[in-house]
Amino acid sequence: MKKLIIATTVGLAITMVAGCAQKSVVRYGDATAVETTDINFGSTDLQKVAGDMTDSLLLSPVVGTLTQNKRPIMFVERIKNKTSEHIDTESITDSISTKLLRSGKFRFVDMGRVEAAREQIKFQQDSGMVDTSKAVQFGKQIGAEYMLYGNLSSIVKSNKDKSDVYYKFTLRLMDLESGLVEWADETEIRKTKAKESVGW
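Keep in mind it's a predicted model, so treat the numbers as computed, not measured.

Let's talk about the pairing of strand β5 (residues 162-175)
- Among the 14 residues that make up β5, 10 are buried, leaving the element largely enclosed by the rest of the structure.
- The pairing of strand β4 (residues 146-158) with β5 spans 13 bridges and is antiparallel. Within β5, the residue paired with I155 across the bridge is Y166.
- Where β4 folds back onto β5 in an antiparallel hairpin, the turn is made up of three residues.
- Connecting β5 to the next strand, strand β6 (residues 181-194), in antiparallel fashion are five residues, including G179 with a positive phi near 80 degrees.

See below:
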């Protein structure tokens, strides 16, 4: 009987330890905290490039002149990914356009939603389900005056002990009527990963 109690107790202890070892815990983190999970382009890098470039654009004397008495209409072309990584550049584009819109200095047309808007206007005009006197008319939309576009590129170097990645993000603002580039800037990020000896 004593052996049975000991065996049961040991078995229960092993089960409890095993259960604790496999438990997953989910917690909220700080979305703006520095993320260093690996050397690849991450959330901190996205926030840095979007913040740096938006601040640079908004503080530019040229943009100050352009937005002095009006809110120019702009569209943001999706950032081109020229790195060897799979990077969601639409997130960078979204962050930049959101920050610019919040500034109150620009208005935007969303070129990514043109087809959806066309379908809705067509539905209002042709379906017979919408009062035509209240339907949105074709040919009334306002076109963009400026285009914001850019590239994200990288150079990666590595050997057996160290990896180094350099990112460069370039952004330009073009006047669509004249074709002139009114503003341009770039920001850089360098990240390294090295093997370190661990002392015991």
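With respect to the nonpolar core
- One finds I92, L148, F169 and L173 to be the most contacted residues of the largest nonpolar core, which totals 27 residues.
- For this core, the secondary-structure elements that each account for two or more residues are α2 (43-59), α3 (61-66), β1 (73-76), α4 (89-103), β4, β5 and β6.
- It is α2 that contributes the most residues to this core, six residues altogether.
- Setting aside residues no more than four positions away along its own chain, L148 makes contact with L57, M74, F75, V76, E77, I96, L100, L171, R172, L173 and W183.

Notes on the packing of α2 against α4
- Two elements in contact, α2 and α4, have axes separated by 9 Å at closest approach and are oriented at 35 degrees. Remark: the crossing between α2 and α4 carries right-handed chirality. Contacts from L46, V49, A50, G51, T54, L57 and L58 in α2 reach S91, I92, S95, I96, K99, L100 and S103 in α4.
- Grouping the constituent residues of the contact of α2 with α4 by class yields eight nonpolar, five polar and one charged.

Some points on the pattern of salt bridges
- For the structure shown, the criterion picks out nine salt bridges.
- Between K70 and E145 there is a salt bridge, with its nearest N and O atoms 2.9 Å apart. Of the two residues, K70 is situated in the loop between α3 and β1 and E145 in the loop between α5 (114-126) and β4; the sequence distance between them amounts to 75 residues.
- With a shortest N-O distance of 3.1 Å, D126 and K122 are connected by a salt bridge. Remark: K122 and D126 occur in helix α5; sequence separation between them is four residues, near one turn of the helix.
- With relative accessibility at 42%, the residue K122 sits in the partly exposed group.
- Sharing partners across several salt bridges, the network here consists of R78, D88 and E90.

Regarding the environment of F75
- Tracing the sequence through the fold places F75 in strand β1.
- When its relative accessible area of 17% is taken as the criterion, F75 is described as buried.
- Taking the C-alpha atoms as reference, F75 lies 8.5 Å from R107; in sequence the two are 32 residues apart.
- Ignoring anything within four residues of it in the chain, the contact list for F75 reads V109, M111, A144, Y146, M147, L148 and L176.

A short note on the side chain of Q124
- Inspection of the secondary structure puts Q124 in helix α5.
- Overall, the relative accessible area of 13% leaves Q124 in the buried class.
- Once you skip the residues sitting within four places of it in the chain, Q124 turns out to touch V130, K134, A135 and V136.

Conventions and cut-offs
Residues numbered from 1 in each chain as written. Predicted model: local features only at pLDDT ≥ 70, side-chain atom pairs only at ≥ 80, totals over all residues. Heavy atoms only, no water. Buried < 20%, exposed > 50% of the residue type's maximum accessible area, 1.4 Å probe, protein only. Helix = DSSP H or I, 4+ residues; strand = E, 2+ residues; numbered from the N terminus. Pairing = 2+ DSSP bridges. Core = buried A, V, L, I, M, F, W, Y, C linked by side-chain atoms within 4.5 Å. Contact = heavy atoms within 4.5 Å. Axes fitted to C-alpha atoms, helices over the stretch in contact; angles between N-to-C directions. Left-handed = near helix turned anticlockwise from the far one by under 90°. Nonpolar A, V, L, I, M, F, W, Y, C, P; charged D, E, K, R; others polar. Salt bridge = Lys/Arg side-chain N within 4 Å of Asp/Glu carboxyl O.

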